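Report on the structure
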Amino acid sequence: MKTIYRTICITFLVLTASCSGSMESDAKKMADLMCESMQKAMGGALDAFDGNTNMKDLEAHGKNLRAFQQKMMDKYDDLEERHAFDSKVRKLMLENCI
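First things first, this report covers the structure right here in the doc. Throughout, residues of each chain are indexed from 1 in the direction in which the sequence is written. In keeping with the predicted nature of the model, local features appear solely for residues at pLDDT of at least 70, side-chain atom pairs appear and are counted solely at 80 or more, and the whole-chain, interface and lining totals rest on all residues. Calculated side-chain values reflect all of the structure's heavy atoms, with hydrogen atoms and water omitted.

**Regarding helix α2 (residues 55–75)**
Elements are defined by DSSP. Helices are runs of H or I of four residues or more, strands are runs of E of two residues or more, and each kind is numbered from the N terminus. Take the residue count of a helix, subtract one, and multiply by 1.5 Å to get its expected span. Its 21 residues give α2 an end-to-end C-alpha distance of 30 Å, which sits within 8% of 30 Å, the value for a rise of 1.5 Å per residue. Among all positions of α2, only His 61, Gly 62, Leu 65, Phe 68 and Met 72 are buried. The buried residues of α2 occupy an angular sector of 135 degrees when the element is viewed end-on, so they sit on one face. Exposed side of α2, more than 90 degrees from the buried face: Lys 56, Glu 59, Lys 63, Arg 66, Lys 71 and Asp 74 are the residues found there. Three exposure classes are used, based on accessible area relative to the maximum for each residue type with a 1.4 Å probe and protein chains only: buried under 20%, partly exposed in between, and exposed over 50%. Note that the arc is computed from the directions linking the helix axis to the C-beta atoms.

**Observations concerning the pattern of salt bridges**
We define a salt bridge as a contact between a side-chain nitrogen of Lys or Arg and a carboxyl oxygen of Asp or Glu at a distance within 4 Å. What the rule picks out here adds up to 6 salt bridges. A salt bridge links Glu 36 to Lys 40; the nearest nitrogen and oxygen atoms lie 3.8 Å apart. Placement of the pair is Glu 36 and Lys 40 together in helix α1 (residues 2–50), with a separation of 4 residues, close to one helical turn. By sharing partners, the salt bridges in this structure join Glu 36, Lys 40 and Asp 57 into a single network.

**Here's the deal with the packing of aromatic side chains**
The pairing test for Phe, Tyr and Trp rings, Trp by its six-membered ring, is centres within 6.5 Å, and the orientation test on the planes gives stacked under 30 degrees, edge-to-face over 60, and tilted for anything in between. One pass over the structure, following the stated rule, counts 1 aromatic pair. An angle of 20 degrees between the planes, with centres 5.0 Å apart, marks the rings of Tyr 76 and Phe 85 as stacked. The buried category is assigned to Phe 85, whose relative accessible area is 5%.

**Remarks on helix α3 (residues 79–96)**
Here α3 contains 18 residues, and its C-alpha end-to-end distance of 26 Å stays within 8% of the 26 Å for a straight helix at 1.5 Å per residue. When α3 is considered as a whole, its buried residues turn out to be Phe 85, Val 89, Leu 92 and Met 93. Looking straight down α3, one finds that the buried residues subtend no more than 100 degrees of arc, so they occupy a single side. Opposite its buried face, α3 presents the exposed residues Leu 79, Glu 80, His 83, Lys 91 and Leu 94, each directed more than 90 degrees away.

**Section: a negative patch on the surface**
A surface patch of like charges, here negative, comprises Asp 74, Asp 77, Asp 78, Glu 80 and Glu 81. Here Glu 81 is to be found in helix α3. Classification of Glu 81 by relative accessible area gives partly exposed; the value is 33%. Patch membership needs two things, relative accessible area over 30% and no salt bridge, and members are linked within 9 Å if like-charged or within 5 Å if nonpolar (Val, Leu, Ile, Met, Phe, Trp, Tyr). Only the protein chains shown count as cover for residues, and all accessible areas are computed by the Shrake-Rupley method using a 1.4 Å probe. Counted charges follow a simple rule, with Lys and Arg positive, Asp and Glu negative, and His plus the chain ends left uncounted. Charge placement uses NZ in Lys and CZ in Arg. For Asp and Glu, CG and CD serve respectively.

**Observations concerning the side chain of His 61**
With respect to the element layout, His 61 can be found in helix α2. Here a polar contact is recorded for every N or O atom pair within 3.5 Å, except that within protein the pair must consist of a potential hydrogen donor and a potential acceptor, and residues adjacent in sequence are included only if both atoms are side-chain atoms. Within the local environment of His 61, its side chain forms a polar contact with the side chain of Ser 37, the two groups lying 2.7 Å apart. We call two residues contacting when some pair of their heavy atoms lies within 4.5 Å. Those residues in contact with His 61 that sit more than four places away from it in its chain are Leu 33, Glu 36, Ser 37 and Lys 40.

The following block contains the structure:
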């Protein structure tokens, strides 16, 4: 009986840790994409005055961002998970975008 209990506890801990790490890495990737979007938007606005805006690059980045956002919305479809994910993204953006 102790062996079964230990196995269940260990399995639960491994699954919880792996899911947590996955959300962390997903949040980091989303925050990185969002920070990059902000940098591209600011750089694009400044470059527009000089006529140097690379619209294809901006469009490709936007397409990648939207695809990843949709993937995350599908992955974290539970309201509590999505709230936790969004909180992690905001925290990482505040730490790394400025």
